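# Architecture and fold: a report
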Amino acid sequence: MHISEGVLSGPVLLAGGVLTVAGTAIGLKKLDFERIARAGILSSAFFVASLIHVPVGPSSVHLILNGIVGLILGWGAFPAILVALFLQGMLFQFGGLTTLGVNTLIMALPAVLCYYCFGPLVQRDSRIALPAAFACGFMGIFLGAVVAGAALMYTEENFLEVTLLIVSAHIPVMIVEGLMTAFCVAFFRKVQPDMLPHFNPPKTDSSFNGRT
Amino acid sequence: MCRTGCVGLNGRMMIFIWVVALSVLPAAVEQAFAHKVTVFAWVEGDTVHAESKFSGGRVAKQALVEVYDRTGKKLLEGRTDDEGRFIFKAPKQEDLRIVLVAGTGHRNEWVVKAEEFSGQVLSAVDAETVQPHQPQPLVETPLPGRIDVSREDLQTMIETALDKKLQPVLHRLHQMDEGPRLADIFGGIGYILGLVGLGAYIHYRRRLSSEGSHAR
């Protein structure tokens, strides 16, 4: 889902850049001391995930992981994904510098949306939480495809066609990521529930939850 | 129910999953990957062969190819065949920019330099025109292995031979392509960890200074 350089028109690149700067600013504000390490780990995971390939039809698609990144980091997904994409662009020549803003938006905006949609559900009963986690991983990519389609709409092709093409190419990845997100959420719920959003520590437990 | 037992099982399962995931990674690294499309072109005589590939090894079928000259004027366009190839006769022998548009945001380009055409004029002189020279000197020279060839003919022969011999090599070069190397991957991770350290340091300083002002 990395859009190459030279495909998009100037205004689209600019709009993507501006929105990404805004999202990153919000994300950096919200990244407190405890979350920085988390953001770094997830950023590294995101950076490496694009190397794991799922061959599909005429091309191949790679893992993106934006659903789980968004679920755990919220707005912090913007800086985490921005850094990872910058390094992917520099080191692997995926995407590029001029499209960095748009590409970050394509993957980070769905991450934040997933955080708001599915974040509240993952602390609930596991019958709700696990399907929600699956949907989170699944929708992260689906929405990414929609944003990518919207970005491409202004330059070459028609929105519905391109979006459908991207979505259909990513269906296997959506399923894989949905399962992975569900596994991760199941794991965190047992081992470290405070990794997930909307965690209310039990009253008896005076857990280390930031200062104030 | 079997609460602790279930947790133990799940924990082991997670470890198993991570082990699988981590062992898959190097395998994936070996193959050159990712959602990137590349185009590569070489010259044979006055024909340009362009090859396209998604990194991951698959070719871009029926993808649009546009050829521009140095000034940015579009000379011709076409589509790749089912093997991802696009072959055309160069309309001009100067720097040609070959742009591959593979759809859904994938695009890349390759420049064929004017120098690559240098052998063109000579290799147009076919091998047949070279041959008549060969028996002649063979008869005249006393040494059986010795062939007397003019400078131009020799050049032509070398050019054609090189074209022929280099083609598979060039092809193979493109096949190999530069996938991300392990050093790049670890470098990137290290970079991110460095940023984490920087962020933590800034937060730490800020916290220190705010606590310092509180104390005063």
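The residue numbering used here restarts from 1 in each chain and proceeds along that chain's sequence as written. Note on labels: chains are lettered from A, ligands numbered from 1, in written order. Residue-level local features of this predicted model are given only where pLDDT is at least 70; pairs of side-chain atoms are given and counted only at 80 or more, and the full residue set underlies all totals for whole chains, interfaces and linings.

A run of H or I in DSSP becomes a helix once it reaches four residues, and a run of E becomes a strand once it reaches two; helices and strands are each numbered from the N terminus. Along the backbone of chain B there are six helices and seven strands. Reading the secondary structure of chain B in the N-to-C direction produces α-β-β-β-β-β-β-β-α-α-α-α-α. When burial is assessed residue by residue, chain B has 21% of its 216 residues classed as buried. By sequence separation, contacts in chain B at least 24 residues apart represent 54% of the contacts at least 6 residues apart. Any residue with 12 or fewer other C-beta atoms within 10 Å of its own C-beta is exposed, any with 20 or more is buried, and the rest are partly exposed; the C-beta atoms used are placed from the backbone. Contact criterion: two residues are in contact if their C-beta atoms, reconstructed from the backbone, are within 7 Å.

Residues and elements named next belong to chain A. Locating H53 in the fold gives a position in strand β1 (residues 53-56). Residue H53 is classed as buried on the basis of its C-beta count, with 22 C-beta atoms lying within 10 Å. For the pair H53 and I64, spaced eleven residues apart in sequence, the C-alpha to C-alpha distance is 10.0 Å.

Turning next to the packing of helix α4 (residues 77-92) of chain A against helix α5 (residues 100-118) of chain A. The geometry of a pair of packed helices is captured by two quantities: the angle between their axes and the separation between those axes. All names here are of chain A. One can describe the packing of α4 onto α5 by two numbers: an axis separation of 9 Å at closest approach and a directional angle of 140°. Here the hand of the crossing between α4 and α5 comes out right-handed. Judged by residue contacts, A77, F78, I81, L82, L85, F86 and G89 of α4 engage L100, N103, T104, M107, A108, A111 and V112 from α5. Residues are grouped as follows: Ala, Val, Leu, Ile, Met, Phe, Trp, Tyr, Cys and Pro are nonpolar; Asp, Glu, Lys and Arg are charged; all remaining types, including Gly, are polar. When grouped by side-chain class, the residues that make up the contact of α4 with α5 number eleven nonpolar, three polar and no charged. Here, axes are lines fitted to C-alpha atoms. For helices the fit covers the stretch in contact, and angles between N-to-C directions go from 0 to 180 degrees. We call a crossing left-handed when the near helix sits turned anticlockwise from the far one by less than a right angle, and right-handed when that turn is clockwise.

So, about the nonpolar core. Residue and element names in this part refer to chain A. By convention in this section, buried Ala, Val, Leu, Ile, Met, Phe, Trp, Tyr and Cys residues joined through C-beta atoms within 7 Å make up a nonpolar core. Counting residues in each nonpolar core, the largest one holds 70 residues, and the members touching the most others are V69, A77, A80 and I81. Listed by contribution, the elements that provide at least two residues to this core are α2 (33-49), α3 (66-73), α4, α5, α6 (126-153) and α7 (159-191). Examining the composition of this core, we find that 14 residues originate from one element, α6, more than from any other.

Further remarks concern the sheet that holds strand β3 (residues 64-68) of chain B. Residue and element names in this part refer to chain B. Strand order in the open sheet formed by four strands is β4-β3-β6-β7, with antiparallel pairing between adjacent strands. Every interior strand has two partners, whereas the edge strands, β4 (74-79) and β7 (106-112), have only one. Here the strands of the sheet are splayed against their neighbours by 20° on average, with no regard to which way each runs. Only when DSSP finds a minimum of two bridges between them are two strands counted as paired. Pairing geometry for strand β6 (residues 96-103) and β7, over seven bridges, is antiparallel. Of the residues in β7, the one forming a bridge with L96 is V112.

Glancing now at unusual backbone geometry. Outside of glycine, negative phi angles account for most residues, and trans bonds account for most peptide bonds. Residue and element names in this part refer to chain A. In this structure, L65 takes a positive phi of about 70° despite not being glycine. Along the chain, L65 falls in the loop between β2 (59-62) and α3. On the neighbour-count criterion, L65 (28 C-beta atoms within 10 Å) is buried.

So, on to the pairing of strand β1 (residues 37-44) of chain B. Residue and element names in this part refer to chain B. Most of β1 is tucked away, with six of its eight residues classed as buried. As defined by bridge partners, β1 adjoins strand β2 (residues 47-54) across eight bridges and the pair is classed as antiparallel. Among the inter-strand pairings, W42 is bridged to a residue of β2, identified as H49.

For α5 of chain A, which comprises 19 residues, the first-to-last C-alpha distance of 27 Å matches the rise-based estimate of 27 Å (1.5 Å per residue) to within 8%. To obtain the bend at a residue, axes are fitted to the seven residues ending there and to the seven starting there, and the angle between these axes is taken. Along α5 of chain A, the sharpest change in direction is near 30° and occurs at I106 of chain A; proline P110 of chain A comes one to four residues later. One fewer than the residue count of a helix, multiplied by 1.5 Å, yields its expected span.

Residues and elements named next belong to chain B. pLDDT is a residue-level measure of predictor confidence that goes from 0 to 100. Residues of chain B with pLDDT of at least 70 account for 64%, and the chain-wide mean is 71. pLDDT under 50 marks residues 26-34. Its contacts with residues more than four places away, or in other chains, come to 24 contacts. Predicted confidence is poor over residues 120-132, with pLDDT under 50, and the contacts of this stretch with residues over four places away or in other chains come to 19 contacts. Quick note on the complex model: pTM equals 0.71, ipTM equals 0.76.

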